[in-house]
Structures are given as C-alpha cells and as structure tokens.
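Notes for the structure review
Listed below, chain by chain, are the residues.
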Amino acid sequence: MRERIIPALVLSAAICTQLFFLGPLVSLSGNPNSILTPSLISPWLIGIALIATPIFGFLLWQTNRPSLRWILPVMAIVAVWMYVAFYGLAPNFGSLDGRPLDFAAYEQRGWFELALLLAGLVFAVISGKRFIVPLTIAAALFAVVNAVQVLTAIDWGRQPLTSGAATAADLTASNDFVTSAARTLRIPELSSSRNIIVIVLDTFQNDVLESIVRTDSVIANALEGFTIYTNAMGHFPFTQLSIGAVLRGEVYDGRETIPAYLERTNAQKLPAILSGAGYEVDLLPLHSRHAFLAGRVSRCRAYAEVVDLFLFRQVPLLLKRAVYDDGQFVVTRNCPQATPVTEQEQDLEVLSRISQHLVVSREQPTFKWIHLWGMHPPARLDADCSGTESHFDGASVRAQGRCILGKMADILDQLKAEGVYDNSQIFLISDHGSLLGFIENQENSSVPLRVRSSAHPTIAFKDFGATGPLEFDGSPVVLADIYPTILKAVGVSTDKLALNELFEGQHRERFYTFYKSAAEATQERLSRADTFTISGNVRDNAAWSVEPSEIANIPLGRIDLGTDEALVSANYAFSTEAAGAGYSWVLSNPATVDGVLPEADTLAISARVLSPHEGQEIRVSVNGREVALWQISTVNGWETFETTVSLDQRELGAPGVIALDILIIEPINNSTRPLGVLVDWINVEGK
C-alpha cells in the first residue's frame, strides 16, 4: 500500500493544482474586463488547492483494494488529459460575449477527442498499475512546465478595474469598458444648468435607425431637435478602437502599438477634459452595467465568470454546449437575479432604471457616458421588448432596434418632463455598423457589403436649445467629430470641425480601417488592416476605393482559412465565420493572400474550394498576371486544384500577391449575403 502513496499524492497535486489554481488563474488573466485581479484571488486559489490536495490524495491512496485498483491509473490518465486538453487541444472560440456558438462545427472533432480520452481510460483499466509511475511522472511534468509558463506570463501588477469609490483614475483609464462602481451610480441625476449626454448603442447601424424613425411617428416625435446624419461614417468595424476615437478625438493610425496609443491619449479623454472644465462626470461603460444595477451581484458575476471560463476551456468539446448554451454561461446565470442574465435584458433594465430614477438634483453641469449592448448580435428582443429566440438577420435587428429606441424615447420624454431637455446636449450614437449589409442597397462590389455597412454607425445629435421636428442631414461626418463638438460646447479651443460646422455636399475624404476580428484590438498591433477612402456617401458603392496595403512580411505557405493565422495573409474579401469553422467565403473580388514568395523558379499554387453555384470559375493571378483558370464541375462539393507557374528572378524570395477572381458571387437560398466560393485552404510552395 505504501508504494501507492507517492503516486496518489503527486496525481492529487497535479489535478488540484490545475483544477483549483492554474486553470482559474489562466481564465481570469484572459478576461481583461474582470473586476478581479490575479494577485487578489491567487491566495484563495492556492489555499483551496493546498487543502484539496492531501484530502484527494488520501482518498486515492485508499483505493488499494482489488476492486478499486483501477482508480489510480484512471486518475493518472485524467491528470494528463486535463493539461493536454486545457493548454493544447482547446480551440479558440473567439469572443464569448453573448453570441451563440456553432457547436455543430466541432462535433466531429469532439467525438475524436472523446474517443482518445476513452481509449486512454480503457488502457489505464487494462494495464493496471504497470504504467502508474510513468503516467504520474508525465502528469507532474505537465503540471510543473505549465505552472512555470503561467506564473511567468501572468500580469501580477494588474490593478482592479473597479472599486467602490470613484477616483480620478477613472477619467484617464486605458480600458474604456469598465469603471469604478460609484462612478456609475449617479447616472440618473441631472443638472439644472447643463448636461452633456452621450449614449452609445453598440452596432446600431445608421440606415436601420433611419428606417425605424421614418415609419414610427412616436419615436420620431421623441427625437425633437435631433439631427440624424445619414452619411455618418465610423473608423473601425469593432468596438475598442471605435470608442477610443470618440473619447479621445484621435483615430488610431497603426504607427504605434495600440497600448501606446491608449496610454498617450488617456489624458485627453473627454471625461478628463470635461472634469477639468467643471463638469461632474458619470460613466456607465458596457461592462459596468451590472455594477450600476446591483453592486453585490457584480462580485458574484465576477467569480462566476472565472468558473465558467475555466469550465468552458477544460471540459471536452462535446460538453462545452452545457457550459455556454445559447450565449449564456451556466454558473453566471445562476447569480442572484437582481441583475438580468442576457446582455439585452441588462440594457432594458438599465434604461428602465434611468427612466424611473431620473431626477434634477445637481447644480454643477454634468457629463454622462452610457454604453449599451444596443444592436450587438444576436437579436433577442421583439419590437415590444419581449424575449425571443436568437436571430442574426435584418428583420430581427430592426425589431430589436424598435424596442431599444422605444425605451430611449421614454428617457427623452422624461428629460422634457423634468425641464432639462433644452439645456442638454445629447448624442445618440453607435460605435460601428453591422456586418449584415445595408437595408436597401444590397449591391455587391469590389468592397464587400459587410465592410461598407460596418462603416456606417448611427450619429444622431441634439444641441443645447435645439427644437423642432427631427431632421436628416447628409453631411460627411465621422465619429471623431463628436469630440470637437463637445469641446467647443464647453469653451475648449480646438481647430477640428464640429458636427454642426460640416455641411451636405462638402468634399471630405474619409478613411476607414477594416480588420476581421475584434480580438485583434487587444493585441499590440492589428495583424492585418485594410484601409479604404470614402469620397462621397458611405452608402454609395462608387464612393469607396481601396488603399494599397502593406504585404505581410511572412513566408507564403499553407494558409488554413478561418484561423487566426490566416488573418495576417488573407485580405478583406474573405469572410470571418464562427470561430472554429475552419473556412472562409470569398465575398468579393479580388480575394488575395500575400507574403514572401519561395526562392524557387517554379511556384505551385493549390486550393481546396467548394462552390454553391453551377458554372463557377476561378481566375488565379500571381503579382497581377493571370496564371490559371479553375473550372469547378461540382456544386456543393469540395474540389482541389493545383497550378504551377514560373517565377521571374525578381520575384524569388520577394513579397508577392496571389489573387483569386471569382466569376459568380451571388446570394443563395434567399440570403442577402453574396457568396462566391468556400475556401478551406490555399497552399503556396516552391518546386
């Protein structure tokens, strides 16, 4: 029995270390918006692991009876599998921010993973104690190696993002998604003198807003004094850098790292400037809504999120749906219901609470920043604000938009009733448009619909003292124009033009940067960004032109579409599918991959593609010269093509571009999204 005590304790230590310490710590470090920090929860995690290890080790030691001797080798396999699965096999699902995941895309991989685990367990039972020692050593090595990697990579100096009290640091923070709990609580308290209110409805596309107010007189009447800018343009397709441009008045241009840009511009953020101008600043960022609704619940949610993220990464693929079902985490949704579970429900509760508790109680002018989930997919609300199944289509988006705007109208009516509407400057904006395309103009062009529609955020503006019916204005405005509009309203000098200083028909070249993954903005730099110039109306295909992009400085080889690695080489013409899908649609021409060509006289280009269209053709080019015509003979079936081409001496080992021009790019099955071919992989190699 003594021969089992060391393996039992070692395996127990390996399992408990991962289960109670390393796994949760890694999960927390991957969530920059948590109110918890590694240094805050580590002592508790270590304590739990230290208590659990001898208890579990003792129980394993007691399994020396003939009928239970299979338990120790099984636990050895489980220990090894936990580390391999968590640190090696777990796929990147992208942002777990309420979007439902397509788990069906992982089903085959999940069964394969389960088969491997079951084979290991069967092997452990059959082999008995013969392999306990090597498996125990393997588990111990995995634990030590991963512990070293995790503990050295963790940012132990990370400070809590929120605290009970509001501080000056809230006004200049790099993270625009959270703030101190106390900074949120006075959002409904307005000033009798002046109020500047910015409400961000995430992903609320401008033409969607316009279509709603043109057909809903109640909402249109509530927007008295407002101007909707029908030619509004954003700067980026995702939230972080878009919000940065509004709050800082400066658009990230890629010449420095993203953290350096944020750090350099923090002091010029609107909250800091307005505080210096005598305004009381109240902030309600996106991930502080639960703190505004119920502070005690936000701590429950913070710990629950750590557990959920750990479980989601640790459990087998086939069980992940149970942890994250329909965009909701299993533990988090069991926190006290003082805070709604879904993002859309939180929005409704926030708007309801503001409307119910709105009061004029302050003399000093106020600035209020309110960032809501808005129209962020998926849509879960009907027009009457009742819950519905998750949808991601134009009709559902408009229905949810009608609901949210109706709640916004209640707040605006309340401002009028309290007598502070006229002395309030109000911005109703979004951070970007959607990837669904425009409502009316679904014409495809060399710039995909999803790129153009993502550049069309809502900008609706009511200035101090503005009256009269809702108006529409086609001036070429951008989100960054909000910054000088506010500065000039409070007497701060700036040479930038305000929204109401621009005019319809004015010639103004605007620039838009598109990248394919929201996670890109959390890195040091965008791995690939394509820049467009818009000269005219953002909804007009002819107004768009593509700026030449810098060719990726990486060797061209096998490119698996649908992976993070493909983001670097593949241009905007390739779609971004659900994380883990492992393929991309070609949505426009040309679809290109670029990088450094091999140093070989002959280049082989191959690809695995699928077309839903009959008679589909692909023209293949290298550095602008056509080298092949691939004719796809099968509809909805995978085919592999290969072409060889001789390279010029100047092209050997030099930057190059492989382009695919698709003959047919059209919607299928009543979809509004034009589709060309589905690409699994592209391979470029020297012969």
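Our subject in this report is the structure included herewith. All residue numbers refer to positions counted from 1 along the written sequence of the respective chain. At least 70 in pLDDT is required for a residue's local features to be given in this predicted model, at least 80 for side-chain atom pairs to be given and counted, and no such filter applies to totals for whole chains, interfaces and linings, which use all residues. Where side-chain values are given, they derive from all heavy atoms of the structure, hydrogens and water being excluded.

Section: the environment of Phe-142
Defined as follows: Helix and strand assignments come from DSSP, with helices taken as H or I runs of at least 4 residues and strands as E runs of at least 2, each series counted from the N terminus. Categorising residues by exposure relies on relative accessible area from a 1.4 Å probe, with only protein chains included: less than 20% of the type maximum marks a residue as buried, more than 50% marks it as exposed, and the intermediate range marks it as partly exposed. Here, two residues are considered to be in contact whenever any of their heavy atoms come within 4.5 Å of each other.
Tracing the backbone through its elements, the reader meets Phe-142 in helix 5 (residues 132-153). Judged by relative accessible area, which is 31%, Phe-142 ranks as partly exposed. Through-space distance from the C-alpha of Phe-142 to that of Ala-14 is 8.2 Å; in sequence the pair is 128 residues apart. Among residues more than four places away in sequence, those in contact with Phe-142 are Val-80, Tyr-83 and Val-84.

A closer look at a nonpolar patch on the surface
Applied cut-off: Residues enter a patch when their relative accessible area is above 30% and they make no salt bridge; the linking distance is 9 Å between like charges and 5 Å between nonpolar side chains (Val, Leu, Ile, Met, Phe, Trp, Tyr). Only the protein chains shown count as covering a residue, and every accessible area follows the Shrake-Rupley method with a 1.4 Å probe. By convention in these notes, a salt bridge is any Lys or Arg side-chain nitrogen within 4 Å of a carboxyl oxygen on Asp or Glu.
The grouping of Ile-51, Ile-55, Phe-58 and Leu-59 at the surface amounts to a nonpolar patch, some 420 Å² of accessible area in total. If you trace the backbone, Ile-51 turns up in helix 2 (residues 38-61). You can call Ile-51 exposed: its relative accessible area is 57%.

What to know about the packing of aromatic side chains
For the record, the criterion: Any two of the Phe, Tyr and Trp rings considered here, Trp counted by its six-membered ring, make a pair once their centres fall within 6.5 Å; the pair's planes then place it as stacked at under 30 degrees, edge-to-face at over 60, or tilted in between. Cation placement over rings: the criterion is NZ of Lys or CZ of Arg within 6 Å of the ring centroid and within 35° of the ring normal.
All told, the structure shown has 15 aromatic pairs when counted by the stated rule. Judged by centre distance (4.7 Å) and plane angle (55 degrees), the rings of Tyr-324 and Phe-329 are tilted. You can call Tyr-324 buried: its relative accessible area is 1%. Phe-329 sits in the buried class, given a relative accessible area of 12%. With 4.8 Å between their ring centres and 25 degrees between their planes, Phe-427 and Phe-461 make a pair best called stacked. Of this pair, Phe-427 sits in strand 11 (residues 424-429) while Phe-461 sits in strand 12 (residues 459-462), and the two are 34 residues apart along the sequence. We note that Phe-427, like Phe-461, is buried. Of the aromatic side chains, those joined through ring pairs into one cluster are Tyr-83, Phe-86, Tyr-87 and Phe-310. Its guanidinium or amino end placed over the ring of Phe-464, Arg-194 lies 3.9 Å from that ring's centre, counting from NZ or CZ. Over the face of the ring belonging to Phe-86 we find Arg-313, whose NZ or CZ atom lies 4.4 Å from the ring centre.

Looking at helix 15 (residues 343-357)
Spelled out, the test is: Here the expected length of a helix is defined as 1.5 Å per residue gap, with one fewer gap than residues.
Taking 1.5 Å of rise per residue, the 15 residues of helix 15 would be expected to cover 21 Å, and the 21 Å separating its terminal C-alpha atoms lies within 8% of that figure. All buried positions along helix 15 are accounted for by Glu-343, Gln-344, Gln-346, Asp-347, Leu-348, Val-350, Leu-351, Ile-354 and Ser-355.

So, the sheet that holds strand 8 (residues 366-372)
Stated formally: Strands qualify as paired when DSSP identifies two bridges or more between them. For helices, the axis comes from a line fit to the C-alpha atoms of the stretch in contact; other axes are also lines fit to C-alpha atoms, and the angle between any two N-to-C directions lies between 0 and 180 degrees.
A sheet is described by the order of its strands in space; here seven strands give the open sequence 4-8-2-11-12-3-13, paired in mixed fashion. Whereas interior strands pair on both sides, the edge strands pair on one side only; in this sheet they are strand 4 (280-284) and strand 13 (471-473). The average undirected angle you get between the axes of adjacent strands in this sheet is 15 degrees. Where strand 3 (residues 227-229) and strand 12 come together, two bridges link them in antiparallel fashion. Among the inter-strand pairings, Thr-227 is bridged to a residue of strand 12, identified as Phe-461. Across the sheet, helix 7 (residues 206-213) touches strand 3, strand 12 and strand 13, and the angle it forms with strand 3 is around 140 degrees. The sheet strands contacting helix 9 (residues 239-248) are strand 2 (195-201), strand 8 and strand 11, and the helix crosses strand 8 at an angle near 165 degrees.

Thoughts on the packing of helix 9 against helix 10 (residues 258-265)
Defined as follows: Roughly parallel refers to an angle under 35 degrees, roughly antiparallel to one over 145, roughly perpendicular to one between 65 and 115, and oblique to any angle outside these ranges. In this scheme the crossing of two helices becomes right-handed for a clockwise turn of the near helix relative to the far one and left-handed for an anticlockwise turn of less than a right angle. Think of it as three bins: nonpolar holds Ala, Val, Leu, Ile, Met, Phe, Trp, Tyr, Cys and Pro, charged holds Asp, Glu, Lys and Arg, and polar takes everything else, Gly as well.
Packing of helix 9 against helix 10 brings their axes to within 11 Å, and their N-to-C directions diverge by 20 degrees. Classified by the angle between their axes, helix 9 and helix 10 sit roughly parallel to one another. Pair helix 9 / helix 10 crosses with left-handed handedness. For the pair formed by helix 9 and helix 10, the contact residues are Gln-240, Leu-241, Gly-244, Ala-245 and Arg-248 on the first element and Ile-258, Tyr-261, Leu-262 and Thr-265 on the second. When grouped by side-chain class, the residues that make up the contact of helix 9 with helix 10 number five nonpolar, three polar and one charged.

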